[in-house]
Each structure stands twice: as C-alpha cells, then as structure tokens.
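Structure at a glance
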Amino acid sequence: KKAIEYYELAKRDKKFEESAFYQIGVCYVMQKEWDSAEAVFNEILKKDPENSTIKSSVAYIKANAGKFQEAIDLYRELYEQYPNDSSYLINYINILIADKRFELASIKLNDLKEQFPDSNQITSFEEKIADGLEPQTEETSEKDESL
C-alpha cells in the first residue's frame, strides 16, 4: 500500500507517469485487489489494445476475480492471435477447468498435445479433466457434501 502512495507521487512527473501507473496496477495485483487492478490494466489496454502482455494480465486479473467468461474470452483471443505461444493455450485450458467446462478443456487439451507435445502441463490437465468428467455417484456426492 505504501508503494502505491510513492507511485502516485511519481506519476506526477510526465517521464514516470506510464511506468508508475503500471506499477500501481502490479501493486493491486499483489494485494489481490482485483477491481482496482482491473481498472488500471484496462486503462493501459485502452492505450495499447494490441499489447498481448497487458491483455494477458487483464485475463489473469479477471480469472482471479471470478469473471471466468471474460477471462476465457481473452485467453481464447490471445491463443487465436498467437497460436505458437503455449502459455496462452495453457492459461485458456486452466480457466476452462476452473469454470468446470471440462468438455471444451478436453478439446483444447488435444490442441496442446498436438502443438506442444512436450508441455509439462499435459498430465496434470488430463487428470483434472478426467476427474471433472467423471460421473458422480450418489456416494461420491455425499462425500463431497460432507467435506
């Protein structure tokens, strides 16, 4: 919180305005103040809408704020724009799993296997998707409810 105060002061100088504003957003992320972080990064994204790093940051923030559909849309867009960057596909699959969209996650996992067969995420995704697709028996449901 103290860092934000200093970055606010630094923002007064035109030379440091943009970088200080970015650092304020980073501070909000570190404090898990998702709404504030999203506001900062959206403002930065408006100035540079093609910046994939900032767009990915916005997607990350939205995912952590529980705005899964918006995060999914951004990660899908990034993956489509940059199909050779495995990180966007991995993040896309992660959010699909978090949102319990296991069928689509399974399809995207196949893309990951084809395009990036050496990814160390494949096994983990396979397990999470299998667990998510596993039909729950009444006994399993009762166990889950008691946890």
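Here, the structure is the one placed above.
Overview of the pattern of salt bridges
Oppositely charged side chains may form a pair once their charged atoms are brought near each other. Counted under the stated rule, the structure contains 13 salt bridges. Between Lys14 and Glu17 there is a salt bridge, with the nearest N and O atoms lying 3.4 Å from each other. Owing to a relative accessible area of 69%, Lys14 belongs among the exposed residues under this scheme. According to the relative accessible area criterion, Glu17 is partly exposed, its value standing at 31%. We note a salt bridge from Asp99 to Arg101, for which the minimum N-O separation is 2.8 Å. Looking at Asp99, the relative accessible area reads 23%, which means it is partly exposed. Residue class for Arg101 comes out partly exposed when judged on its relative accessible area of 28%. If you follow the salt bridges from partner to partner, you end up with Glu38, Lys62, Lys67 and Glu70 in one network.

Thresholds applied
- Residues numbered from 1 in each chain as written.
- Predicted model: local features only at pLDDT ≥ 70, side-chain atom pairs only at ≥ 80, totals over all residues.
- Heavy atoms only, no water.
- Salt bridge = Lys/Arg side-chain N within 4 Å of Asp/Glu carboxyl O.
- Buried < 20%, exposed > 50% of the residue type's maximum accessible area, 1.4 Å probe, protein only.

Function cannot be read off these values alone, since they describe shape.
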